[in-house]
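Architecture and fold: a report
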Amino acid sequence: MNSHPYTSVWSDLNQVEFSQGFLQAGPYRTRYLHAGDSSKPTLLMLHGITGHAEAYVRNLKAHAEHFNVYAIDFIGHGYSSKPGHPLEIRHYIDQVNHVLDTIGVEKAYFTGESLGGWVTARFAIEHPERVERIVLNTMGGTMANPVVMERLYTLSMEAAKDPSWERVKTRLEWLMADPALVTDDLIRTRQAIFQQPDWLRACEANMALQDPETRRRNMLSDDDLRSIQADALVVWTTKDPSGPVDEGRRIAGLIPNGRLAVIENAGHWPQYEQAGIFNKIHLDFLLGRDEGAGTELTPAHANG
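Here we summarise the structure given alongside this text. Computed from a prediction, not measured in an experiment: that's the story for all the values here.

Checked against the element boundaries, Gln95 lands in helix H3 (residues 89-102). Side-chain polar atoms of Gln95 contact the backbone nitrogen of Ile75, separated by 2.9 Å.

This part covers helix H8 (residues 199-206). Listing the buried residues of H8 in full gives Trp199, Ala202, Cys203, Ala205 and Asn206. In a view along the axis of H8, the buried residues occupy a sector of 160°, so they form one face of it. Packed against the buried residues of H8 are H3, helix H5 (146-161) and helix H7 (184-194).

Attention shifts here to the pairing of strand S3 (residues 42-46). Here S3 lies mainly inside the structure; five of its five residues are buried. Alternating positions in S3 separate into two faces, Thr42, Leu44 and Leu46 on one and Leu43 and Met45 on the other, with burial throughout. Here five bridges tie S3 to strand S4 (residues 68-72), and the two strands are oriented parallel to one another. Counted as the bridge partner of Met45 is Ala71 from S4. Of the strand pairs in this sheet, S3 and strand S5 (residues 108-113) are connected by four bridges, and their pairing is parallel. The residue of S5 that forms the bridge with Leu43 is Tyr109.

Counting buried positions over the five residues of S4 gives five, a clear majority of the element. With burial as the criterion, each face of S4 is covered, one bearing Asn68, Tyr70 and Ile72 and the other bearing Val69 and Ala71. Pairing analysis gives four bridges linking strand S2 (residues 28-35) to S4, with the strands arranged antiparallel. Following the sheet pairing, Ala35 is matched in S4 by Val69.

Thresholds, definitions, all that
Counting restarts for each chain, with residues numbered from 1 along the sequence as it is written. pLDDT decides what is reported in this predicted model: residues at 70 or higher carry local features, side-chain atom pairs at 80 or more are listed and counted, and totals for whole chains, interfaces and linings draw on all residues regardless. The side-chain values count all of the structure's non-hydrogen atoms but skip hydrogen atoms and water molecules. The way it works is that DSSP assigns letters per residue, a run of H or I at least four long becomes a helix, a run of E at least two long becomes a strand, and they are numbered from the N terminus. As used in this structure description, the phrase polar contact means that two N or O atoms lie within 3.5 Å; if the pair is within protein, one of them must be able to donate a hydrogen and the other to accept it, and residues adjacent in sequence are counted only when both atoms belong to side chains. Accessible area is worked out with a 1.4 Å probe on protein chains only. A residue is then buried under 20% of its type maximum, exposed over 50%, and partly exposed in between. In this context, the arc is that of the directions from the helix axis out to the C-beta atoms. We call two residues contacting when some pair of their heavy atoms lies within 4.5 Å. Pairing between two strands is assigned when DSSP locates at least 2 bridges connecting them.

What follows is the structure, given as structure tokens:
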């Protein structure tokens, strides 16, 4: 029984002053949702594998008060360009660099979920001069669990080959601690993306990181994490399907200026599932109102 009030992407955005559009960022046509204005520091929001900018519809308003916010569709995802080759972390980093150049921003704040966290961490390692603070939200790139990789690959490819309501719904339910949060509206939003004529080829390309050998050469080593100079908040959840809270704690411990926030009753999309708590923890960190490196923030802090 669904105990949640019905929501839609539009009900999340109808009080938000935002724009949707496309940037020609170098070779990449990049779709974005934008809120806030250029007098504020820029915050880039980066979604997970087979995801899209709508992952952040519940976060735009709160963050636009303080930031010039762009939630983008990665290449091979959403409505951005679909390159005809397997996508590795360096390709996403190239897109991010082009996006910053195109919007005329030298340095930005970053928040990335899953694949977006993996890209954010690697970007912070390779381009420290372009990075302020970073948030690594249920991030990928530190684990290669064959069971999780196979499940993600199978669910994603099944939905790509047959973007039926049920298959898209099943793929989205993998993200959530409570499957009832997967509304018809969210299913339809993603189904429309999966129904694009070039989606099957695009999905094969963006699934490259689930291939063990490709994943291995893209993974973040402990030394990589130790080399991150930026202040970093690692967000994990008690019901994340990709790995346990201990992994989030381990990552936060390796990053010199790292700290951990654990959000309860959320799976792989805490920014959507527990938006109020996430926005509070997230903004406190980005704006420097948190308690500093080494701190482990808890939902109790977040509710205070």
